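A structural walkthrough
These are the residues of each chain, in order.
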Amino acid sequence: MELSPLLQAASKGDLEQVKKLFGKGADLNESHKNGATPLIFAAEKNHIDVVRFLLENGADPKARTKMGGTALNRAAENGNIEIMKYLIDQGTEIGDLAVIVAAREGKLDAVKLLLDHGAEINAKQRWGQTALMLAAREGHTEVVTYLIERGANVKLKDKNGDTAMNIALDNDNADIAMQLKRAGARVETRKSASPVVSDDDDDDDSDDVDDIISDDDIPDDVDLEDD
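None of the values given here were measured: they were computed from a predicted structure.

**Considerations on the packing of aromatic side chains**
Counted according to the given criterion, the structure contains one aromatic pair. A centroid spacing of 5.7 Å and a plane angle of 85° characterise the contact between Phe22 and Phe53, whose relative ring orientation is edge-to-face. Remark: Phe53 occurs in helix α4 (residues 48–56) and Phe22 occurs in helix α2 (residues 15–23); sequence separation between them is 31 residues. Look at Phe22 and you get partly exposed, because its relative accessible area is 30%. Given the relative accessible area of 12%, Phe53 is considered buried.

Okay, structure coming up:
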């Protein structure tokens, strides 16, 4: 992936080069072909000093990639609480995707921070999947527990007709499926499957396509009865 000097400096965390380029008139909101700005690159690579400088000098915290990625989304995905707090303190809007990607990656502290600052717990990405569904898919038990405690809707369905329980079972996360059942979830008959596409983008600007959720029947050896 070819980057401009400023984008490259931000990605590498080279603060002095960022300052030098800014002093020569570089646009702090320039973007790569996928829409990523210096701020997004710096947040993605965990460079808090570069993030601070960019925001202090006019970088747009609302900038998005073509697939909807923001600096806050990147920091949430990494679980970088320091950058997340700084972005939020600077008035960065939470949006829907930050809590979803944080849950997907199992970043419990990031999920807590976002919900405490008003993130929508039942927000959906383009294929209808919620933070709870993706945490269930990836086997992040602590995140699932916390989301349920905070009132996540366990009965929501994605565009395939799957609930968090369906997704947990399809990915052999029987303990999470049991947990969801106790919270009132149930297995639903699904529609014909469609590809589940991530709402963020790779550096090469191609769609990040998750493996399609299995259409296998529920395993016979999974007992969903309460103890």
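That covers the picture; the talk isn't over yet.
**Focus on the confidence of the model for the protein chain**
Confidence along the protein chain averages 86 in pLDDT terms, with 83% of residues attaining 70 or more. Across residues 193–227, confidence stays below pLDDT 50; counting only partners more than four residues off in sequence or on other chains, it has 82 contacts.

**Concerning helix α1 (residues 5–12)**
Inspection of α1 places Leu6, Leu7, Ala9, Ala10 and Ser11 among the buried residues, and these make up the whole buried set. Close packing links the buried residues of α1 with α2, α3 (38–44) and α4. Downstream of α1 by a residue or two, Gly13 has a phi angle that is positive, lying close to 80°.

Criteria and thresholds
- Residues numbered from 1 in each chain as written.
- Predicted model: local features only at pLDDT ≥ 70, side-chain atom pairs only at ≥ 80, totals over all residues.
- Heavy atoms only, no water.
- Phe/Tyr/Trp six-rings, centres within 6.5 Å; stacked < 30°, edge-to-face > 60°.
- Helix = DSSP H or I, 4+ residues; strand = E, 2+ residues; numbered from the N terminus.
- Buried < 20%, exposed > 50% of the residue type's maximum accessible area, 1.4 Å probe, protein only.
- pLDDT = per-residue confidence, 0-100.
- Contact = heavy atoms within 4.5 Å.

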